[in-house]
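# A closer look at the structure
Letter by letter, the chains look like this.
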Amino acid sequence: QIQLEAASEFVAKFPKLTFILNHAGFPLRGQFDEWHKGILALATCPNVCVKIGGLGCYDETNWSQTEIDTYVRATIDAFGVD
């Protein structure tokens, strides 16, 4: 999650190159605030797109529908639907 904000600084240096953030940045359970801060930073970069999928796939237990909804909605709110 810490890397998302650093990634926003990196992609800003290459405005003509499109970056795709896979799996909404692989959020980790219990780290929403830190993840969200990074997502908001990346969303300010017009050259970043995001793919939403695989949420919770690296956790030992499946995410609840509520957990998934929270991350999906936050990602769409940040990046829009284009």
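We now turn to the structure provided with this report.

## What to know about the pattern of salt bridges
Scanning all chains against the criterion turns up 2 salt bridges. The salt bridge involving E5 is made with K37; its shortest N-O contact spans 3.8 Å. Linking E5 in helix 1 (residues 2-12) with K37 in helix 2 (residues 32-43), this pair joins segments that are 32 residues apart in sequence. Of the residues examined, K37 reaches a relative accessible area of 52% and is grouped as exposed.

## Thoughts on the side chain of S8
Positionally, S8 belongs in helix 1. Relative accessible area serves as the criterion here: at 10%, S8 is assigned to the buried category. Within the structure, S8 has its side chain in polar contact with the backbone oxygen of E5 (distance 2.6 Å). Not counting chain neighbours up to four residues away, the residues in contact with S8 comprise A41, L42 and C45.

## What to know about helix 1
Every buried residue belonging to helix 1 is among L4, S8 and V11, and all of these are buried. Looking down the long axis of helix 1, one finds its buried residues gathered within 75° of arc, a one-sided arrangement. Residues of helix 1 that are exposed and point more than 90 degrees away from the buried face comprise I2, Q3 and E9. Elements in contact with the buried residues of helix 1: strand 1 (19-21), helix 2 and strand 2 (48-50).

## Here we look at the state of the cysteines
Here, disulfide denotes a covalent bond that connects the sulfur atoms of two cysteines. Inspection of every chain in the model, using the stated rule, returns 0 disulfides. Summary of cysteine pairing: C45 is not part of a disulfide, and the nearest cysteine sulfur, belonging to C49, is at 11 Å. On the basis of relative accessibility, which here comes to 6%, the residue C45 falls in the buried class.

## Some remarks on the nonpolar core
By size, the foremost hydrophobic cluster in this structure holds 14 residues, and its most contacted members are L4, V11, W35, L42 and V48. Among the secondary structure elements, those contributing two or more residues to this core are helix 1, strand 1, helix 2 and helix 3 (65-79). Among the elements that line this core, the one with the most residues is helix 2, at 3 residues. Dropping the residues within four chain positions of it, L4 is found in contact with L21, G25, W35, G38, I39 and L42.

Each value, and the rule that gives it
Residues numbered from 1 in each chain as written. Predicted model: local features only at pLDDT ≥ 70, side-chain atom pairs only at ≥ 80, totals over all residues. Heavy atoms only, no water. Salt bridge = Lys/Arg side-chain N within 4 Å of Asp/Glu carboxyl O. Helix = DSSP H or I, 4+ residues; strand = E, 2+ residues; numbered from the N terminus. Buried < 20%, exposed > 50% of the residue type's maximum accessible area, 1.4 Å probe, protein only. Polar contact = N/O pair within 3.5 Å; in protein donor to acceptor, adjacent residues only side chain to side chain. Contact = heavy atoms within 4.5 Å. Arc of directions from axis to C-beta. Disulfide = S-S within 2.5 Å. Core = buried A, V, L, I, M, F, W, Y, C linked by side-chain atoms within 4.5 Å.

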